[in-house]
Amino acid sequence: MTEKTPSKYLINLEKYFANDNPVLLRSAKVFHDLDQIEYDLGLIEADETTASKNSWWPIISLIGGNSTAKSRFINSYLNIQQVASGIQATNHKFTVLLQNSQNNSATLPGTALDVDPRYPFYQISRKMEQLQKGEGNRINSYLELKTINSDRLKGKLFIDTPNISAVETNPINSMFIKHIVENSDLVLVFTDVFESASPMLDDLIQDITLHQDSNKFVYLIDDPLATLNPGKANEIIASWQRKLSGTGLNTGQFIIVPNQQNSINPLDKVDFSEIDERMSNVAYNRSYRVLDSLEKNIREIEDVIIPEVKNGILLWKERVNISSMIILCFIAILAVFAEINVGILEFLIDPIIGPILIAILLAIMVPVHLLMSRLHAKLIITKLNERQKELHLMENLANLFEKNLTFVRMLLPINEPAAWNKKIKARLIELSDKTKNLVQSLNDNFGTYDEQVFTDYQEDEQSDYVDLSKFKT
């Protein structure tokens, strides 16, 4: 087994989490162990890592509708007024907001996000290309990165989505919305979005419904009446709860969004305490998301990758065997004609000539069988490459399949992928157990139990069992 060196991506993650997040630091080591297994199977290259499948940044997405509520909130919450010139309510692009120490804001093209595994849109152009031919090259028309000097952005990524009423209805934008809802740790949904007359609204409601039990949604109500008359706040929230319940959205927190426009004194400091409280938990949500991704990556090997390659091997063997049988049938037909015209049966049963003829037949069929194996393997490799794209896998299915193109495996009926054995399976189980332990460690940040009491309970249970056994006849 060749030892895989940790990827630069993982090394940087370990440095980043060395001091403030021991759970994610340990998870980076589990990711490396998983990378070693996939490297041994030929699924990834030496410089690749499965940790790049998901962004490790805490991700907050903002989704709005017809009004300027979302853009006003961003400008006010980030306390950067010059943002107003770059982030408009009618913006047609998905904009990733990233903290930067410089006073001047900078805007980078979508390709900057597409090629960087640290961000949640890594290799998104491939999905775009699959949905619509040629759209992958137009990623800059859909996506951009904007840097902003704001303390509230430190250690986080904000994704500002185009207003539902302004975004064009097409498969690419629908895919972006779905991708954002699925991968975000917190989604701020402005209730004006439900007043939009756009076909995209139905898709959005469907995406939220699929993930609404994840406790990641906060519905922000921008209502001047609630600010001017706090007594009306509960009534307004209840009204929106009933309205959204009618669309199938039954969970999520509702917050009246404060902003400078509704403040009596423009110099007053806006109170974002409720929103800040949710923001403070985003880092924990990110940790659970990363560990969930790690668990899925481990299961994906046995549940998705190996079955795909195994199906490829079975199809390959079937096609090769059929091709070889056709050739054998052709030889048998020639032998029948030869027997009718010349008479060769006596040669086949001859104790000397018969084995020689069989040896000649094998000398012909073995190379033919190997040649057929190589030819059909090329077709299977093409099919596996297509399946890899369809399933959005970074793992190279074709490379694992090619490990089976050996002399022995081409001749014998071996259907299990090369290198897939009990040792690999045991290592995956071990990594899965480590991941579960990391989740428990993360849970310990929120609650503890008395370990001594638990130990005493176990001892008592064992003691009771021993005492009772004395009375058995």
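See the structure printed just above.
Note that the structure is a prediction, hence the values are computed from the model and not measured. (Residues numbered from 1 in each chain as written. Predicted model: local features only at pLDDT ≥ 70, side-chain atom pairs only at ≥ 80, totals over all residues. Heavy atoms only, no water.)

Describing the packing of aromatic side chains
The relative placement of two aromatic rings is captured by the distance of their centres and the angle of their planes. Enumeration according to the criterion identifies 15 aromatic pairs in this entry. For the pair Tyr-16 and Phe-17, a centre-to-centre distance of 5.0 Å together with 90 degrees between the ring planes defines the contact as edge-to-face. When the centroid spacing of 5.4 Å and the interplanar angle of 80 degrees are considered together, the rings of Trp-316 and Phe-401 count as edge-to-face. Taken together, the residues span a long stretch of sequence, with Trp-316 in helix H11 (residues 282-341) and Phe-401 in helix H14 (residues 397-402) at a distance of 85 residues. Both residues of the pair, Trp-316 and Phe-401, count as buried. (Phe/Tyr/Trp six-rings, centres within 6.5 Å; stacked < 30°, edge-to-face > 60°. Helix = DSSP H or I, 4+ residues; strand = E, 2+ residues; numbered from the N terminus. Buried < 20%, exposed > 50% of the residue type's maximum accessible area, 1.4 Å probe, protein only.)

So, helix H6 (residues 171-183)
Over its 13 residues, H6 runs 18 Å from end to end, which matches the ideal 18 Å to within 8%, given 1.5 Å per residue. Within H6, ten of the 13 residues are buried, which leaves it mostly tucked inside the rest of the structure. Here H6 has its buried residues at Ile-172, Asn-173, Ser-174, Met-175, Phe-176, Ile-177, His-179, Ile-180, Val-181 and Asn-183. Between the side-chain oxygen of the N-cap and the backbone nitrogen of Ile-172 there are 3.1 Å, and the N-cap of H6 in question is Asn-170. (Expected span 1.5 Å × (residues − 1). Polar contact = N/O pair within 3.5 Å; in protein donor to acceptor, adjacent residues only side chain to side chain.)

Looking at the sheet that holds strand E6 (residues 186-190)
In spatial order, the strands read E3-E4-E2-E5-E1-E6-E7-E8; together these eight strands make up an open sheet with mixed pairing. Here the strands that pair on one side only, and so sit at the sheet edges, are strand E3 (106-109) and strand E8 (253-256). Neighbour to neighbour, the strand axes of the sheet diverge by 25 degrees on average, direction disregarded. Note: strand E2 (residues 94-99) against strand E5 (residues 157-160), four bridges, orientation antiparallel. Across the sheet, Leu-97 pairs through a bridge with Phe-158, a residue of E5. Along the sheet face, helix H9 (residues 233-245) touches strand E7 (217-221) and E8 and points at about 140 degrees away from the line of E8. (Pairing = 2+ DSSP bridges. Axes fitted to C-alpha atoms, helices over the stretch in contact; angles between N-to-C directions. Contact = heavy atoms within 4.5 Å.)

Some words on the pattern of salt bridges
Scanning the model with the defined rule gives 20 salt bridges in all. Its salt-bridge partner being Arg-289, residue Asp-185 comes within 2.6 Å of it at the nearest N-O pair. Separated by 104 residues along the polypeptide, Asp-185 in the loop between H6 and E6 and Arg-289 in helix H11 bring together distant segments of the chain. Side by side, Asp-185 and Arg-289 carry an identical accessibility label, which is buried. Several salt bridges converge on common partners, so that one network encompasses Asp-33, Glu-430 and Lys-434. (Salt bridge = Lys/Arg side-chain N within 4 Å of Asp/Glu carboxyl O.)

Thoughts on the pairing of E7
Most of E7 sits inside the fold, with five of its five residues counted as buried. Of the pairings in the sheet, the one linking E6 to E7 comprises four bridges and is parallel in character. When the sheet's bridge partners are listed, Phe-190 is paired in E7 with Leu-220. The β-α-β motif built from E6, the intervening helix H7 (residues 200-211) and the parallel element E7 has right-handed crossover chirality. Direction of pairing for E7 relative to E8: parallel, over a ladder of four bridges. Considered in E8, the bridge of Leu-220 is made with Ile-255. (Right-handed = clockwise from strand over helix to strand, strands pointing away.)

Looking at the environment of Ile-381
Checked against the element boundaries, Ile-381 lands in helix H13 (residues 353-390). For the pair formed by Ile-381 and Leu-400, sequence separation is 19 residues and the distance between their alpha carbons is 9.9 Å. The contacts of Ile-381, once residues within four sequence positions are left out, are Ala-398, Phe-401 and Glu-402.

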